[in-house]
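# Observations on chain architecture
Each chain, letter by letter, is given below.
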Amino acid sequence: DGGITQSPKYLFRKEGQNVTLSCEQNLNHDAMYWYRQDPGQGLRLIYYSQIVNDFQKGDIAEGYSVSREKKESFPLTVTSAQKNPTAFYLCASRTQPGERQFFGPGTRLTVL
Amino acid sequence: ELKVEQNPLFLSMQEGKNYTIYCNYSTTSDRLYWYRQDPGKSLESLFVLLSNGAVKQEGRLMASLDTKARLSTLHITAAVHDLSATYFCAVDIKNTGNQFYFGTGTSLTVIP
């Protein structure tokens, strides 16, 4: 089945640690996205990538980093510089402008 | 800066009633998307509207797009409890890369 997978589903981080969230898609989509959602809030764009080896900052990129070494994969690292990382993180992809984004199931990150 | 606003933010309605959710955006676009999010879950695509006057219907939900007014509506007919969720609209803009702009979300509760 084609789709987007995210792992882990739940992640706990101690203060000062870096953690990496995985996002993989087998839809052959060119563009991939990372969003952050806080309780009762909308989605805020962290980073997006239109092609392999290229990515752009979104509205809240500070404290986060990404890589796009393969078309299928777009991992997000939450660094210790991100002061309030507890949130629900959603990965999405789409093939081209004018097409809908497809979303993964999400990763819920909690800082202990 | 592109803004996408939805109203109402919260909506409580009785089963069997009709209501409309509004999505306004601040710049020219002819591509509008509607998503549904259940509590604690990811986003599910509902509709893609790609031209002025576009209308899409699925069950008790109907979405429309007026690009001249920069307005999309999501109309709910004879609401049932299963429609309780948060609904997001999103816009993307030609020639600004692949970035999506999400609305604030409308939290819908259908009361028996």
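Structure's up top.
A few points on the structure. The structure displayed is predicted, hence computed values, not measured ones. (Residues numbered from 1 in each chain as written. Chains lettered and ligands numbered in written order. Predicted model: local features only at pLDDT ≥ 70, side-chain atom pairs only at ≥ 80, totals over all residues. Heavy atoms only, no water.)

### Some words on the sheet that holds strand β7 (residues 64-66) of chain A
All names here are of chain A. Overall, antiparallel pairing links the 4 strands, which are arranged β1-β3-β8-β7 in an open sheet. The two strands at the open ends of the sheet, each matched to only one other strand, are β1 (4-7) and β7. Each adjacent strand pair in this sheet contributes to an overall mean axis angle of 20°, direction not counted. The pairing of strand β3 (residues 19-25) with strand β8 (residues 76-78) spans 3 bridges and is classified as antiparallel. Bridge pairing in β8 links T20 to T77. (Pairing = 2+ DSSP bridges. Helix = DSSP H or I, 4+ residues; strand = E, 2+ residues; numbered from the N terminus. Axes fitted to C-alpha atoms, helices over the stretch in contact; angles between N-to-C directions.)

### Some thoughts on the side chain of Q25 of chain A
Residue and element names in this part refer to chain A. When you line up the elements, Q25 lands in strand β3. Relative accessible area serves as the criterion here: at 3%, Q25 is assigned to the buried category. In terms of polar contacts, Q25 uses its side chain to reach the backbone amide nitrogen of L27, at 3.0 Å. Residue contacts for Q25: discarding those within four places in its chain leaves G3, I4, M32, R68, K71, E72 and S93. (Buried < 20%, exposed > 50% of the residue type's maximum accessible area, 1.4 Å probe, protein only. Polar contact = N/O pair within 3.5 Å; in protein donor to acceptor, adjacent residues only side chain to side chain. Contact = heavy atoms within 4.5 Å.)

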